[in-house]
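Breakdown of the fold
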Amino acid sequence: MSTGSDAGAGADPSRDELGRLTEGLRYALDRGEDTLRPAIVTDARDLLARVDERMRLGEEHTVVAFAGSTGSGKSSLFNAVAGLEIAQVGVRRPTTSKPTACVWGSGGEELLDWLEVPVENRTWRESALDGDDESALHGLILIDLPDHDSTASEHRLESDRMVGLVDVVFWVVDPQKYADYSLHTGYLAAFAEHSTAMVFVLNQIDRIAPAERQDASTHFASLLQADGLVDARVRTASAVTRHGVDGLRRILSETVAQKRAVTERLLADVRTVNGRVLAEIGEPPDGIADIRGAQELVDAMTDAAGVDAIAQTVHDDYLRRAYKRTAYPVFAWMQRSQADPLGAKHGADRDDLIRAGSPEVTRAQRARVSLAAHDLVDAAVSGMPSVWRNRVAKEERASSEALSENLDQAITAVEVPRRQPGWWTLAGILQVLFFAATLVGLGWLVIQIIAIVGVGFEPGPLLWIVPVVLFVGGVVGSFVVSSWASGARKKGAVDAADSITVRLQDAVRSTAESAFLEPITAVVDDHRRIHDGLR
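Residues numbered from 1 in each chain as written. Predicted model: local features only at pLDDT ≥ 70, side-chain atom pairs only at ≥ 80, totals over all residues. Heavy atoms only, no water.

A few points about the overall build of the protein chain
The secondary structure content of the protein chain amounts to 19 helices and seven strands. Counting only residues that meet the buried cut, the protein chain has 46% of its 535 residues in that class. In the protein chain, 78% of the contacts between residues at least 6 apart in sequence involve partners at least 24 apart. Surface summary for the protein chain: the accessible area is close to 26200 Å², and the carbon and sulfur share equals 55%. (Helix = DSSP H or I, 4+ residues; strand = E, 2+ residues; numbered from the N terminus. Buried < 20%, exposed > 50% of the residue type's maximum accessible area, 1.4 Å probe, protein only. Contact = heavy atoms within 4.5 Å. Areas by Shrake-Rupley, 256 points an atom, 1.4 Å probe, with all protein chains shown as cover.)

A short note on the packing of aromatic side chains
This model, assessed by the stated rule, comprises eight aromatic pairs. Centroid distance Phe-66 to Phe-78: 6.1 Å. Interplanar angle 80 degrees. Geometry classified as edge-to-face. Of this pair, Phe-66 sits in strand 1 (residues 62-68) while Phe-78 sits in helix 3 (residues 74-82), and the two are 12 residues apart along the sequence. Centroid distance Phe-200 to Phe-220: 6.0 Å. Interplanar angle 90 degrees. Geometry classified as edge-to-face. (Phe/Tyr/Trp six-rings, centres within 6.5 Å; stacked < 30°, edge-to-face > 60°.)

Digging into the sheet that holds strand 3 (residues 122-124)
With mixed pairing, seven strands are arranged side by side in an open sheet as 3-2-4-1-5-6-7. Every interior strand has two partners, whereas the edge strands, strand 3 and strand 7 (233-236), have only one. Strand-to-strand, the axes of this sheet are offset by a mean angle of 20 degrees, without reference to chain direction. Pairing between strand 2 (residues 100-103) and strand 4 (residues 140-144): four bridges, direction antiparallel. In the strand pairing of strand 4, Cys-102 is matched with Leu-142. (Pairing = 2+ DSSP bridges. Axes fitted to C-alpha atoms, helices over the stretch in contact; angles between N-to-C directions.)

Section: unusual backbone geometry
Backbone geometry follows two general trends: most residues other than glycine have a negative phi, and most peptide bonds adopt the trans configuration. Backbone geometry places Gln-204, a non-glycine residue, at a positive phi of 55 degrees. Relative to the assigned elements, Gln-204 resides in the loop between strand 6 (198-202) and helix 7 (210-226). The class for Gln-204 is buried, based on a relative accessible area of 17%. Phi at Lys-259 takes a positive value of approximately 50 degrees, unusual for a residue other than glycine. Note that Lys-259 resides in the loop between helix 8 (245-258) and helix 9 (261-281).

A word on the pairing of strand 4
Within strand 4, five of the five residues are buried, which leaves the element mostly enclosed by the surrounding structure. Where strand 1 lies against strand 4, five bridges are found, and the strand directions are parallel. Among the inter-strand pairings, Phe-66 is bridged to a residue of strand 4, identified as Asp-144.

Notes on the nonpolar core
One finds Val-277, Leu-297 and Met-301 to be the most contacted residues of the largest nonpolar core, which totals 68 residues. Here this core gets 12 residues from one element, more than from any other, and that element is helix 18 (residues 461-516). With sequence-adjacent residues up to four places away left out, Leu-297 is seen in contact with Val-369, Ala-372, Ala-373, Leu-376, Ala-512, Phe-516 and Leu-517. Listed in part, the 34 residues of the second largest apolar core include Ala-101, Leu-111, Ile-141 and Leu-188. (Core = buried A, V, L, I, M, F, W, Y, C linked by side-chain atoms within 4.5 Å.)

Regarding helix 14 (residues 363-380)
Compared with an ideal rise of 1.5 Å per residue, which puts 18 residues at 26 Å, helix 14 spans 25 Å between its outermost C-alpha atoms and is within 8% of the ideal. When we look at burial in helix 14, the residues that qualify are Gln-365, Val-369, Ala-372, Ala-373, Val-377 and Ala-380. Along the axis of helix 14, the buried positions cluster into a sector of 120 degrees, meaning they face one direction only. Exposed residues lying more than 90 degrees from the buried face of helix 14 are Arg-363, Ala-364 and Ala-379. (Expected span 1.5 Å × (residues − 1). Arc of directions from axis to C-beta.)

A word on helix 8
Along an α-helix, residues three or four apart share an orientation, since each turn contains 3.6 residues. Taking 1.5 Å per residue as the helical rise, helix 8 with its 14 residues ought to reach 20 Å, and the 20 Å between its terminal C-alpha atoms agrees with that figure. All buried positions along helix 8 are accounted for by Val-245, Leu-248, Arg-249, Ile-251, Leu-252, Ser-253, Thr-255 and Val-256. The positive-phi residue at the C-terminal boundary of helix 8 is Lys-259, with phi of around 50 degrees.

Some details on the pattern of salt bridges
Where side chains of opposite charge bring their charged atoms close, a pairing between them can arise. By the definition in use, this model includes 27 salt bridges. For the salt bridge of Asp-113 with Arg-122, the shortest nitrogen-to-oxygen distance reads 2.6 Å. In this structure, Arg-265 and Asp-269 form a salt bridge, with 3.0 Å as the shortest nitrogen-oxygen distance. Of the two residues, Arg-265 and Asp-269 are both situated in helix 9; the distance of four residues between them amounts to about one turn of the helix. On the basis of relative accessible area, Arg-265 is assigned to the buried category, the value being 3%. Three or more residues are tied together by salt bridges with common partners; here these are Glu-17, Arg-20 and Arg-271. (Salt bridge = Lys/Arg side-chain N within 4 Å of Asp/Glu carboxyl O.)

Points about the packing of helix 17 (residues 422-455) against helix 18
The contact between helix 17 and helix 18 brings their axes to 7 Å, and the two run at 150 degrees. Considering their axes alone, helix 17 and helix 18 lie roughly antiparallel with respect to each other. In the packing of helix 17 onto helix 18, the handedness of the crossing is left-handed. Counted by class, the contact of helix 17 with helix 18 contains 25 nonpolar, nine polar and one charged residues. (Parallel < 35°, antiparallel > 145°, perpendicular 65-115°, else oblique. Left-handed = near helix turned anticlockwise from the far one by under 90°. Nonpolar A, V, L, I, M, F, W, Y, C, P; charged D, E, K, R; others polar.)

Some words on the environment of Ala-216
Structurally, the position occupied by Ala-216 is in helix 7. C-alpha separation for the pair Ala-216 and Gln-176, spaced 40 residues apart in sequence, amounts to 8.5 Å.

Structure representation (structure tokens):
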């Protein structure tokens, strides 16, 4: 949005908010136009174009329009405020549907062209006779609109068009007709955001008794409050007696001096349209953040990925390798030909561990995952409009179709280290030493007994003690080491299985959060960004 080159613009909160809300509206149209009714899209695009154009024309001039119904004395009050007979009144009022403008100071031609005020209906207020009397109103463009309740449709249409373009509207009403139904329902009820851009004038106040004037003003204010205009400014005036005319001129001069009317009017318009868009898109779902870590979905995907089967394979592989390295040598040798749960079956390529151990995702498992995801997402987005729920459903279906590939990629990316703890080496050395001691002691005793029987050899006590100690020590030592190694192998296998289970579950959870749920949550996040940008 073009916001001019004013050096101090960044310090204006209203202008900053206008820029933020218009950018939010643009984003909503760019990302969610197909979720909105065509009428809202048209109004939003028209408004954005108007904001850009009005801000391009700058804020040096403030456009104020006098709007009112037939017989409200609007044109007479316009002339009284201007101090010139510019607008024709009563039976002299022209039949043209075009507005009349009075400009204080110089310039404003481009703005009047944009407003489509005919050149012949433009008056530059000041002359040399005024001196500095009108300097407080420099920069004001005051416009007298056609009657908004005219029997001529072109008059009503032109009044409506100009009310939508000007910066401030002075609603001039008859003090005896201020409760007019068409005024409140056809116009004012739609301007709840525009309190600062409107002034309400009970004109021709001289036509009612002085004692009734305050009651009329108070009652009118209460009706405006019922329309949603809680901060409405209500004034009384009379072109005949000039009551209130100076007060209206003060309001005009203050409005011109503040140079905020342009931004505040546009800001009110943007808030109104943004509110309509917000009503269309609904509130962002509250529970969507919970679905990223939903355990039900992770459990279903864990089952589909075959994590338990892989963990069991890792468990068995650890036991086999540990047994080969730490078991009693005779038993380890006897099981040397036992099938490797991984290598023997898969060409000893242990990089294929995960892929080989992971079973194919079955149709039932895929259905379980899809159902878990659907229930989770459906509950989270149930409050969104149907168009947005359909967007979510589309992404959900696409994610479900890619489930097998995504899970396979996630699982195969997990590295399974072939752990070889240091205690394996210690246990292996001890088993060899004790096995050797057993063989040496046993062999010694056998040879010694043969010598006694065969040749009558008579060994001394020490020759009996040493082999017995070696044999018994070897047997006992092997038993102790085997018992210790057996317990350590079981614990190590469980730890290895638990470790890979955690890592695989993390991979599955990451897949659930990214490849599976990310496209779904991206739609919801986009909805939230649109929603937050409009507020």
